[in-house]
Amino acid sequence: MSEQENGKDISGKDRHEIRIEPKDWMPDSYRKTLVRQISQHAHSEIVGMLPEGNWITRAPTLKRKVVLLAKVQDERVTGSIFIRQQKPWHCSRRNNQ
């Protein structure tokens, strides 16, 4: 398959909401954009937990502390998942042919 046919294949998958795997062929610019978007989402999750973390010790009741702890844990875990999921996308297309 030529690069042009591969490019049409990846945009067709995207348009039809078919899952795109890290080892699938894709243009380098497309892969870089995906990695950047995943990184930004992970960063926003991690940074999102910081303000709530400061309020845990100031929460007036135990119930509110538990709610804040759950929110902080959720943000941290979600950010960690995005970071872990980002690593396979760093592979180069040359390694996948």
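Residues numbered from 1 in each chain as written. Predicted model: local features only at pLDDT ≥ 70, side-chain atom pairs only at ≥ 80, totals over all residues. Heavy atoms only, no water.

Enquirer: Quick question: what am I supposed to make of the environment of Glu52 here?
Expert: Examined against the element boundaries, Glu52 turns out to sit in helix 2 (residues 28-55). Note on Glu52: relative accessible area 17%, which makes it buried. C-alpha of Glu52 to C-alpha of Glu75: the two residues are 23 residues apart in sequence and 10.0 Å apart in space. In contact with Glu52, other than residues within four places in its own chain, are Leu68, Lys71 and Val72. A polar atom in the side chain of Glu52 sits 3.4 Å from the side chain of Lys71. (Helix = DSSP H or I, 4+ residues; strand = E, 2+ residues; numbered from the N terminus. Buried < 20%, exposed > 50% of the residue type's maximum accessible area, 1.4 Å probe, protein only. Contact = heavy atoms within 4.5 Å. Polar contact = N/O pair within 3.5 Å; in protein donor to acceptor, adjacent residues only side chain to side chain.)

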